[in-house]
Amino acid sequence: MKYQELSDTLSEIEESDLEYSIEVSNYLNHLSINGYVALRVDQVSSKYEHDSEIEIKLDTGEVIGSLIIRPLSGLILQENITNLKYIAFLNDIAKEDFPLREYRLSTSYLIIKNEFLREYYRKHYSYSSVWGGFIHKLDYPKFFPPKSSTTEITIRGVYKFPTEFNKMTSIKAVIEPFTFDRFLKKYHQLELISDLEVVNKIRALKTDLYGIGNLMSEYSSNDLNKFRMMLKLKIRNIHRISDLAFVATAYKGECEEIFQKYNKPGNPIPKSVEFSNLFALSSFSEVDLSSMKQTLTGSAYVNYILDVVSYWIYRIRCSIAHQRIGEFILTEKHEEFISQFIEPLIDEVLCQVYET
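Residues numbered from 1 in each chain as written. Predicted model: local features only at pLDDT ≥ 70, side-chain atom pairs only at ≥ 80, totals over all residues. Heavy atoms only, no water.

Chemist: Got a minute to help me understand the overall build of the chain in this structure?
Modeler: Helix and strand content of the chain: 15 helices and 10 strands. For the chain, the C-alpha radius of gyration of 28 Å lies well beyond 21 Å, the compact-globule estimate for 356 residues. If you line up the chain on its principal axes, its C-alpha atoms span 85 × 50 × 40 Å. Residues counted as buried form 42% of the 356 residues belonging to the chain. Of the contacts formed within the chain by residues at least 6 apart in sequence, a portion of 66% connects residues at least 24 apart. (Helix = DSSP H or I, 4+ residues; strand = E, 2+ residues; numbered from the N terminus. Rg over C-alpha atoms; globule rule 2.2 N^0.38 Å. Buried < 20%, exposed > 50% of the residue type's maximum accessible area, 1.4 Å probe, protein only. Contact = heavy atoms within 4.5 Å.)

Chemist: Sorry if this is basic, but what is going on with helix H14 (residues 299-322) here?
Modeler: Taking 1.5 Å as the rise per residue, H14 with 24 residues should run 34 Å; its terminal C-alpha atoms sit 34 Å apart, in good agreement. Downstream of H14 by one or two residues, Gln323 has phi in the positive range, about 45 degrees. (Expected span 1.5 Å × (residues − 1).)

Chemist: Hey, could you run me through the sheet that holds strand E1 (residues 24-27) in this one?
Modeler: Within a beta sheet, neighbouring strands are joined by backbone hydrogen bonds and run either parallel or antiparallel to one another. With antiparallel pairing, the 6 strands of this open sheet are ordered in space as E1-E2-E3-E9-E6-E5. Every interior strand has two partners, whereas the edge strands, E1 and strand E5 (53-57), have only one. Taken pair by pair, the neighbouring strands of this sheet meet at an average axis angle of 35 degrees, ignoring direction. Across 4 bridges, strand E6 (residues 63-68) lies against strand E9 (residues 108-113) in antiparallel orientation. Directly across from Gly65, in E9, lies its bridge partner Ile112. Running over the sheet, helix H1 (residues 3-10) touches E1 and strand E2 (30-33) and is turned about 165 degrees from E1. (Pairing = 2+ DSSP bridges. Axes fitted to C-alpha atoms, helices over the stretch in contact; angles between N-to-C directions.)

Chemist: Looking at this structure, I do not really get the pattern of salt bridges. What am I missing?
Modeler: Two side chains with opposite charge may pair up if their charged atoms get near one another. This structure, assessed with the given rule, holds 18 salt bridges. A salt bridge links Glu191 to Arg317, with the shortest nitrogen-to-oxygen separation between them at 3.7 Å. Here Glu191 is found in helix H7 (residues 179-205), whereas its partner Arg317 is found in helix H14, with 126 residues between them in sequence. On the accessibility criterion, Glu191 (24% relative accessible area) is partly exposed. With a shortest N-O distance of 2.6 Å, Lys226 and Asp195 are connected by a salt bridge. Residue Lys226 is located in helix H9 (residues 223-234), and its partner Asp195 is located in helix H7; the two are separated by 31 residues in the primary sequence. (Salt bridge = Lys/Arg side-chain N within 4 Å of Asp/Glu carboxyl O.)

Chemist: Explanation requested: a nonpolar patch on the surface in the structure shown.
Modeler: On the surface, Met168, Ile171, Val174 and Ile175 cluster together to form a nonpolar patch covering roughly 410 Å² of accessible area. As for its placement among the helices and strands, Ile171 is situated in helix H6 (residues 164-175). For Ile171, a relative accessible area of 39% corresponds to the partly exposed category. (Patch = residues over 30% accessible without salt bridge, like charges linked within 9 Å, V, L, I, M, F, W, Y side chains within 5 Å. Areas by Shrake-Rupley, 256 points an atom, 1.4 Å probe, with all protein chains shown as cover.)

Chemist: Got a minute to help me understand the nonpolar core in this structure?
Modeler: If you look at soluble globular proteins, the nonpolar side chains tend to sit buried side by side. Counting 52 residues, the largest nonpolar core has Ile241, Leu289, Trp312, Ile313, Ile316, Phe337 and Phe341 as its most contacted members. Those elements that provide at least two residues to this core are H7, H9, helix H10 (238-245), helix H11 (252-261), helix H12 (272-279), H14 and helix H15 (335-354). Per element, the largest residue contribution to this core is 13 residues, and it comes from H14. Residue contacts for Ile313: discarding those within four places in its chain leaves Phe183, Tyr187, Phe227, Leu345, Ile346 and Val349. By size, the runner-up hydrophobic cluster in this structure holds 23 residues, among which are Met1, Ile76, Phe98 and Leu105. (Core = buried A, V, L, I, M, F, W, Y, C linked by side-chain atoms within 4.5 Å.)

Chemist: Whenever I open this one, helix H2 (residues 83-92) confuses me. Can you help?
Modeler: Note that an α-helix has 3.6 residues per turn; residues three or four places apart therefore point the same way. Of all the 10 residues making up H2, 9 are buried; the element is thus mostly covered by neighbouring parts of the structure. For H2, the complete set of buried residues consists of Leu84, Lys85, Tyr86, Ile87, Ala88, Phe89, Leu90, Asn91 and Asp92.

Chemist: So what exactly am I meant to see when it comes to the side chain of Glu335 here?
Modeler: By the secondary structure assignment, Glu335 is in helix H15. Despite its burial, Glu335 remains without a salt bridge, the nearest opposite charge being carried by Arg182 at 6.4 Å. A distance of 2.6 Å separates polar atoms of two side chains, one belonging to Glu335 and the other to Thr179. (Lys, Arg positive; Asp, Glu negative; His and termini not counted. Polar contact = N/O pair within 3.5 Å; in protein donor to acceptor, adjacent residues only side chain to side chain.)

Chemist: What is the right way to look at the packing of aromatic side chains in this model?
Modeler: Each pair of aromatic rings is reported with the distance of its centres and the angle of its planes. For the structure shown, the criterion picks out 20 aromatic pairs. When the ring of Tyr120 is compared with that of Trp131, the centres are 6.1 Å apart and the planes differ by 90 degrees; the resulting orientation is edge-to-face. A residue pair is termed long-range when its members are at least 10 positions apart, and Tyr120 in helix H3 (residues 117-124) and Trp131 in helix H4 (residues 128-131) qualify at 11 residues. For Tyr120, a relative accessible area of 1% corresponds to the buried category. Taking the relative accessible area as the measure of exposure, Trp131 reaches 37% and is therefore partly exposed. (Phe/Tyr/Trp six-rings, centres within 6.5 Å; stacked < 30°, edge-to-face > 60°.)

Chemist: Help me understand unusual backbone geometry, please; the structure alone is not making it clear to me.
Modeler: Most peptide bonds take the trans configuration, and most residues that are not glycine carry a negative phi. Despite not being glycine, Asn29 has its phi angle at roughly 65 degrees, a positive value. Locating Asn29 in the fold gives a position in the loop between E1 and E2. Of note in this structure, Gln323 is not a glycine but carries a positive phi near 45 degrees. Checked against the element boundaries, Gln323 lands in the loop between H14 and H15.

Chemist: For this particular structure, what's the right way to read the environment of Lys261?
Modeler: Note on placement: Lys261 falls in helix H11. Sequence separation between Lys261 and Ser272 is 11 residues, and the spatial gap between their C-alpha atoms is 9.4 Å.

In structure tokens form, the structure reads like this:
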């Protein structure tokens, strides 16, 4: 409730309807209850327990308030209600629902003493994600882009995780709400499989030290080479991969900037003319690619598609993971590019890699 609503409500009810004795005032255009103002908190770190009350102190040791974390169900049990939780409740409840003996919160709150409100807004409000692990106001459209519309999901075969790490990271990728972080969790699964394939190759060489040396030289310090090698061993249906890779042509501007302008070693399309010719094709099928370059048939076609796809996926991984000068820095405006193009592509790679 706002100040005037609560003031009007208090004049209409019996004191026995209140859990605590309260005094209300209008402080800096905020509802103040017993000398405290409640500031809405949209998001709290998952490291904190639900239904918690955590003191907030300055570095001088002075307590300025408490973070009231919403219970998972929203319901605060009677035995857990405190003075500050009750203040949060009174801020949260609608006027028409009061009085109510069931204490519910729709969100979390920071309950702060009046005398610290100005300083808090000036110095600390905008940085609560850094020092406190919570966010007062989350711009939902900015952080959570529109979902892609999916009408069907196909189970194509039998799948198997090679390690427990792959299983757990796959689960984390499902839970992860942010597009960039979700992509990284998917890439990490493929990264481990790439390492496992190198280990398997070394085991197969047994005591061939010369062969092991060559293998280590080729793969130990080059993540892109390992990733490319793994795809060429695991991918069975190149047509699904090429169809999803062709979606890149709908994002030619982004692809040109990320993959060509920020060109890195290992790019299978280093020349801008070949890039333009590739993106002018009506598909990435073997027929269309061989019309661009006659040698791209059979295994050469398969290798070309996998070289391009591995480079594209790897470069996106670097842009997300590194975010430094010299790498293309992805921002929220690239969410659609990732979610509509690169993410479906890496999803298909994962499905084929996990198929037994």
